[in-house]
Each structure stands twice: as C-alpha cells, then as structure tokens.
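Summary of the model geometry
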Amino acid sequence: MIYGVMAAMPEEIEGVIKLVENPVIKIIGGREYILGTIHNKKVVVVFSRWGKVAAASTVTTLIDVFCVNQIIFTGIAGAIHSDLKVGDIVVASSCVFHDMDTRPLHQRYVVPLLNKKYFDVFVADGLIEKMQSLFSTENILNVVGEEWTNRFNLTSVLVVSRTIASGDQFVNSHEARSDIKVNLSEVACVEMEGAAVAQICYEHEIPCTIVRTISDSADDSAAVDFEPFARHVASNYSIAIVSALLSD
Ligand code: SAH
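To keep things clear, this report deals only with the structure shown in the data block. (Residues numbered from 1 in each chain as written. Predicted model: local features only at pLDDT ≥ 70, side-chain atom pairs only at ≥ 80, totals over all residues. Heavy atoms only, no water.)

1. Topic: the environment of asparagine 150
What counts here: Secondary structure elements follow DSSP: runs of H or I of four or more residues count as helices, runs of E of two or more count as strands, with numbering from the N terminus. For each residue, the accessible area found with a 1.4 Å probe, counting protein chains only, is set against the maximum for its type, and the residue is called buried under 20%, exposed over 50%, and partly exposed in between.
Within the element layout of this structure, asparagine 150 appears in helix H5 (residues 146-151). Classification of asparagine 150 by relative accessible area gives exposed; the value is 52%. It is 27 Å that separates the C-alpha atoms of asparagine 150 and phenylalanine 170, two residues lying 20 residues apart in sequence.

Spelled out as structure tokens, the structure:
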C-alpha cells in the first residue's frame, strides 16, 4: 500500500515533508515528489499548488507514475455553513464543482459525460472520531501550542463530515458565498482542489481522504489574518492530520 499525500499550499505540506523518513526526491512537471515512509507506511508527498488543474495533474502523476493506492489531501477552506468557524474541521463525504456549468446541455454542476454532480469521498471507519479526539479541547494545545490556540480561539473545534465545493475561485464576497450557500445547500465549505482530486480518484477507482481546516468565512473578511493562520495553525493541523491518518 502506498499513500499519496498532497496539499495545495507550501505552509500545508512543509511540516509533513519533514515527517518523511529516508526521503528520495523525484521531479516531474516542476513538482517535487518526495518518496519515503511516515510511521512505516510508504508515502509519496507532494506540494500540488492551487487550483483544479494543478491538483488533477498531480493526482494523476501520483497514481500513474508512483502507483499510489490511496490519496490523502489536507488543506484550508472557507466556511459556507454558518455553524463553522475558523479552526473547525470538515472531512469531505463528497465533493462538487461549484463552477461547473454547461446549461442548457446539462443541469448546473453536473460533470458532462460522467453525468455526476457529486463525487463520493472515502471516509474510513472511525475517522471522524479520530479527528474529534485529535482536535479536542484537551489536545488542541499539543497540536498548535498556546499562543495560536488563544489568538484564533481554537478551544472548541467542531469536526463535521459534509460535502465540499471546489472551483477555480478564491471565494471572498457575499455574492459568491451566497450563490453556493443557496444553490448547493448541503455544502459545508469551499476550496479550490477537492472535487478535482475526488473526480480523478473516482475515475481511477482509488479511495481519497480529504480533510479541510476552516481558515476564513469565504466573505469580505476572507483575506484577513490569512498568513499567520496558514503558517502557524494550518501547517500544524496538516502535520497532526496526516500523522493520525497514517498511524494505526
Ligand atoms: N494564503 C493565501 C490565500 C490562499 S487561498 C494568501 O492570502 O495569499 C487559496 C487556497 O486556500 C487554495 O488552495 C484553496 O483550496 C484554499 N482556500 C481557503 N479559503 C478559500 C476560499 N475562501 N475560497 C477558495 N479557496 C480557499
């Protein structure tokens, strides 16, 4: 079993790369694929860059060239569901492209020829419980430390398993957010890669796990405090999530 581990931003993957033992680097398409082990599990870790095309081409390489059998994707996302706040966790149960629109040929959001609107995402038995205990009030200090726990008020992290919407757009306006909220009411959060990963994994018949940390509210305030959050919180969340997923 080989796991492909990927994230779209350097902050989200740098710490994970440090976990790789006996790393060997292979460069393809301008990306560094780092082969090795984490907790004795074979992994290929890669920084995929932002957006659907970058994610899809990276997953395809992981599957075709490195023969990975399962994908793990971690990263940040903007909240669509009003219950979610910065620091909460969404484990994808399915993904949808919020920018797919071939009307009047097909219904909005349906991927032509595949005729699918939602791509199911693998949620392993016990995964939600594992995430709940990782991000429990007792354990969060071990994940991000006191300073950042206090700064971002991370004391009651919510973990939900819901649909994630993806598109080539940083969603940061009331209009863009409410279009998703109204027309895709089951969506918990928005990002730029998950559905692309889920589609490629569906087509290759391999499971993927997608875990997102809420970094912003996908509205006019989305860019505020982004840098420190990505650097100090999202990075440590990714390390903790990948580590937990790869330990028995
Ligand atoms: N740190 C960056 C912002 C990154 S946003 C900066 O301010 O310069 C883009 C990345 O974060 C993408 O990989 C996407 O998947 C995710 N993301 C986080 N919030 C998002 C939002 N509101 N809309 C779309 N993508 C979002």
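Continuing now.
2. Some details on the pairing of strand S2 (residues 21-28)
Worth spelling out the cut-off: Whether two strands pair comes down to DSSP finding at least two bridges between them.
Burial runs low along S2: only zero of the eight residues are buried. Where S2 hands over to strand S3 (residues 31-38), the hairpin turn is made up of two residues, of which glycine 29 adopts a positive phi near 60 degrees.

3. Overview of unusual backbone geometry
Peptide bonds are, in most cases, trans, and in most cases residues other than glycine have a negative phi. The amide bond that connects arginine 103 to the next residue, proline 104, takes the cis arrangement and shows omega of 5 degrees. Relative to the elements of secondary structure, proline 104 occurs in the loop between strand S6 (89-97) and strand S7 (119-120). A positive phi angle, close to 55 degrees, is found at cysteine 67, a residue other than glycine. Here cysteine 67 lies in the loop between helix H2 (52-64) and strand S5 (70-79).

4. Here we look at H2
Counted only if it meets this: Expected helix span is given by 1.5 Å per residue-to-residue step, counting one fewer step than there are residues.
With 13 residues, H2 should cover 18 Å at 1.5 Å per step; its first-to-last C-alpha distance of 18 Å lies within 8% of that length. Inspection of H2 places Lys52, Ala54, Ala55, Ala56, Thr58, Val59, Thr61, Leu62 and Ile63 among the buried residues, and these make up the whole buried set.

5. What to know about the packing of helix H1 (residues 10-19) against helix H8 (residues 226-246)
Selection rule: To get an axis, a line is fitted to the C-alpha atoms, and for a helix only the part in contact is used. The angle between two axes follows their N-to-C directions and goes from 0 to 180 degrees. In what follows, roughly perpendicular refers to angles from 65 to 115 degrees, roughly parallel to angles under 35, roughly antiparallel to angles over 145, and oblique to any angle outside these ranges. By the definition used in this description, the sense in which the near helix is turned from the far one sets the handedness, with an anticlockwise turn below a right angle giving left-handed and a clockwise turn giving right-handed. Only heavy atoms enter the contact rule, under which two residues are in contact if any of them lie within 4.5 Å. Amino acids outside the nonpolar list (Ala, Val, Leu, Ile, Met, Phe, Trp, Tyr, Cys, Pro) and the charged list (Asp, Glu, Lys, Arg) are all regarded as polar, and Gly is one of them.
Contact geometry of H1 with H8 gives a least axis separation of 7 Å together with a crossing angle of 45 degrees. Of the possible angle classes, the one that applies to H1 and H8 is oblique. Taken as a pair, H1 and H8 cross one another with a handedness that is right-handed. Between H1 and H8, the contacting residues are Glu11, Glu12, Glu14, Gly15, Val16 and Leu19 on the first element and Ala230, Arg231, Ser235, Ser238, Ile239, Val242 and Ser243 on the second. Of the residues belonging to the contact of H1 with H8, the class tally is five nonpolar, four polar and four charged.

6. Considering the nonpolar core
Applied cut-off: In plain words, nonpolar cores are sets of buried Ala, Val, Leu, Ile, Met, Phe, Trp, Tyr and Cys residues tied together by side-chain atoms within 4.5 Å.
In this structure, Ile89, Met131, Phe135 and Tyr237 are the most contacted members of the largest nonpolar core, which totals 41 residues. Sorting elements by how many residues they give to this core places H8 first, with 12 residues. Not counting the four nearest positions on each side in its chain, tyrosine 237 is found in contact with Gly87, Ile89, Phe135, Ile140, Val143, Val144, Leu154, Val157 and Thr213. Ranked by size, the runner-up nonpolar core spans 38 residues in total, among them Ala55, Val90, Ala196 and Ile210.

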